[in-house]
Amino acid sequence: EVPVPGKFSTRYDLEKETELRFEVESGEAVEQIELELLTGMAEVFGSELNRNKKYTFGAGAKIAVFTWQGCSVNLYGKPEVAYVSKDTPMLLYLNTHAALEQMRRQAERDNERGPRVMVVGPTDVGKSTVCRLLLSYAVRVGRRPTLVELDVGQSGVSVPGTVSALCIERPADVEEGFSVQAPLVYHFGSTTPGTNIKLYNKLTSCLAEVYSQRCEVNRKASVGGCIINTCGWVKGSGYQALVHCASAFEVDVVLVLDHERLYNELKRDLPHFVRVVLLPKSGGVVERSKECRRDTRDEKIREYFYGFRGVTFYPFSYEVRFSDVRIYKIGAPSIPDSCLPLGMSQDDTQLKLVPVTPGRDLTYHVLSVSSAEDGEEGARKGIVESPVCGFIVVTNVDTQTQVMKVLSPAPRPLPRHTLLIMDIRFMDSK
Ligand code: ADP
């Protein structure tokens, strides 16, 4: 092996069923780490490594290189942490995949639908990683599963503040994750479901409906089933949202990661035919600080506009007249029941579109561009349930001239004129 010039390299010989875990320092201008498989076979979260190819991981990456048969790998550069662990739940995860695959086979035979799986647990137990693993394994045996992303804080599919669905057609890329082409995305507007639980549940139902419709016309999607990634909020309304999701998607299997109480509660509250399974979390899953989560969210928005790794996008900046757009926030602040107009319930206020008058405080907010047809009041009805077709960020507001400047992935004009405001802000430092 020829080492990368100037880079410190370390070789690891891994026995079968062990994994090398490493973390890349977070922050700016950190040294990237390269990984190379020298002998044997290994995978990163369900995706196989090619031999003698260098995979690069940037700031903040937390990676596990697992081997079923044994292998040796090289790491180039100095990771913040690197160690080998013999204690992994991978065999249990593989068995879970095997059980799901069995269900798919049966579905195929009996002309039924494949398993719909919900992955739940508190934050930082490896939910997203387990989803990725199960999806990659499924696609490797020729299935076409669907990823449903309900984690509005750390979405693996779109920008934060959204829920989405994505058909998986090939295993996740080792460095970049799943290729995101034509996802179905809905605007939620904030990073925690608690800010508007009614809306959150409504969007879950929308996704379930669209997915079910697709299953009716696409046999492969139906047999492939879906893997639903959820938020780490598992108490109170967060728990109710999980129960709602299970019923909206009519899930067959719930995988509970590392939370016995949640496991017992779901066993108690879900219909008896739902298989609720408790799985351990991997000791390798790293807890992420608030700052780390915020950085990841910011990075996700930056990627949306500027691209990622090899792919550079050049976003556009242009002016939009206030009079050309309609901006709404979903959900009016809740008011005491006794003050509600006759015949109106608290639910209605949470799903209500509240017009936003553009002002300076709009600056830096992320806005979703709704795919809803432009039109007056009458058309407002479908906006909450319409997918979004893209996002823009307000970079400047001029109340004098009634114009705002926006950052947009596409050139002027906006494809639609109904915009939904997020709580989430993005400061463009480029
Ligand atoms: P959750 O979805 O529950 O919040 P994630 O799946 O996003 O958790 O995992 C948190 C972090 O831990 C991620 O950065 C992921 O890459 C990392 N991670 C997961 N499993 C392992 C492992 N076995 N070894 C090292 N890092 C891991």
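Owing to the predicted nature of the structure, the values given are computational and were not obtained by experimental measurement. Starting afresh in each chain, residues are numbered from 1 along the sequence in its written order. It should be noted that, the model being predicted, local features are given only for residues of pLDDT at least 70 and side-chain atom pairs only at 80 or more, the latter also being counted only at that level, while totals for whole chains, interfaces and linings use all residues. Side-chain metrics rest on all non-hydrogen atoms present in the structure, leaving aside hydrogens and water.

> Tell me what's going on with the site of the ligand, and back it up with residues and numbers.
We call a residue near a given molecule or strand whenever any one of its heavy atoms falls within 4 Å of it. Near the ligand lie 17 residues; those nearest to it are K62, K127, S128, T129 and R288. A distance of 2.9 Å separates an oxygen atom of the ligand from a polar backbone atom of G126. Between the ligand and T129 there is a distance of 2.6 Å, counted from an oxygen atom to a side-chain nitrogen or oxygen. Bound to the protein, the ligand loses 89% of the 560 Å² it would expose on its own. Each polar contact in these results corresponds to two N or O atoms within 3.5 Å; when the atoms are within protein, one needs to be able to donate a hydrogen and the other to accept it, and residues that are neighboring in sequence are counted only if both atoms are side-chain atoms. The Shrake-Rupley method, run with a 1.4 Å probe, gives the accessible areas here. Residue values count only the displayed protein chains as cover.

> Describe the nonpolar core, with residues and values.
As used in this record, nonpolar core signifies buried Ala, Val, Leu, Ile, Met, Phe, Trp, Tyr and Cys residues forming a set joined through side-chain atoms within 4.5 Å. The buried label applies to any residue whose accessible area, calculated with a 1.4 Å probe on protein chains only, is under 20% of its type's maximum; exposed applies above 50%, and partly exposed to all values in between. M118, Y200, I228, F249, V254 and L266 are the most contacted members of the largest nonpolar core, which has 45 residues in total. Starting at the N terminus, helices and strands are each numbered in turn, a helix being any DSSP run of H or I of at least four residues and a strand any DSSP run of E of at least two. When residues of this core are traced back to their parent elements, those giving at least two are strand 10 (116–120), strand 12 (162–167), helix 3 (197–217), strand 14 (226–229), helix 5 (236–248), strand 15 (253–257), helix 6 (260–269) and strand 20 (326–330). For this core, the leading source of residues is helix 3, giving nine residues. Apart from the residues within four sequence positions on either side, F249 is in contact with R116, V148, T204, L207, A208, Y211, C226 and I228. Counting residues in hydrophobic clusters, the runner-up holds 27 residues, among them V125, L134, L135 and F178. Here, two residues are considered to be in contact whenever any of their heavy atoms come within 4.5 Å of each other.

> An account of the pairing of strand 23 (residues 388–398) is needed here, citing residue identities and associated values.
Pairing of strand 22 (residues 365–370) with strand 23, which is carried by five bridges, proceeds in the antiparallel orientation. The residue of strand 23 that forms the bridge with S370 is V388. Note that strand 23 and strand 24 (residues 403–408) share five bridges and pair antiparallel. Across the sheet, the residue bridging to V393 is L407, located in strand 24. Pairing between two strands requires that DSSP report at least two bridges joining them. Where strand 23 folds back onto strand 24 in an antiparallel hairpin, the turn is made up of four residues, including Q402, whose phi is positive at roughly 60°.

> Give a description of the confidence of the model for the protein that names residues and reports values.
pLDDT is a residue-level measure of predictor confidence that goes from 0 to 100. Summing up the model confidence of the protein, the mean pLDDT is 93 and the portion of residues at 70 or higher is 96%. Reported confidences for the modelled complex are a pTM of 0.94 and an ipTM of 0.98.

> If you had to explain helix 7 (residues 290–306) to someone new, which residues and values would you point to?
Multiplying 1.5 Å by the residue count of a helix minus one yields the expected span of that helix. The terminal C-alpha atoms of helix 7 lie 24 Å apart, and with 17 residues this matches the ideal 24 Å at 1.5 Å per residue to within 8%. R293, R297, I301, R302, E303, F305 and Y306 are the residues of helix 7 that are buried. For helix 7, the secondary structure elements touched by its buried residues are strand 17 (307–308), strand 18 (311–312), strand 22, strand 23, strand 24 and strand 25 (418–425). Phi turns positive one or two residues past the end of helix 7, at G307, with a value near 85°.

> Outline the environment of D298, supporting the account with residue identities and numerical values.
Tracing the backbone through its elements, the reader meets D298 in helix 7. Through-space distance from the C-alpha of D298 to that of F426 is 6.7 Å; in sequence the pair is 128 residues apart. Those residues in contact with D298, other than ones at most four positions away along the chain, are R425 and F426.

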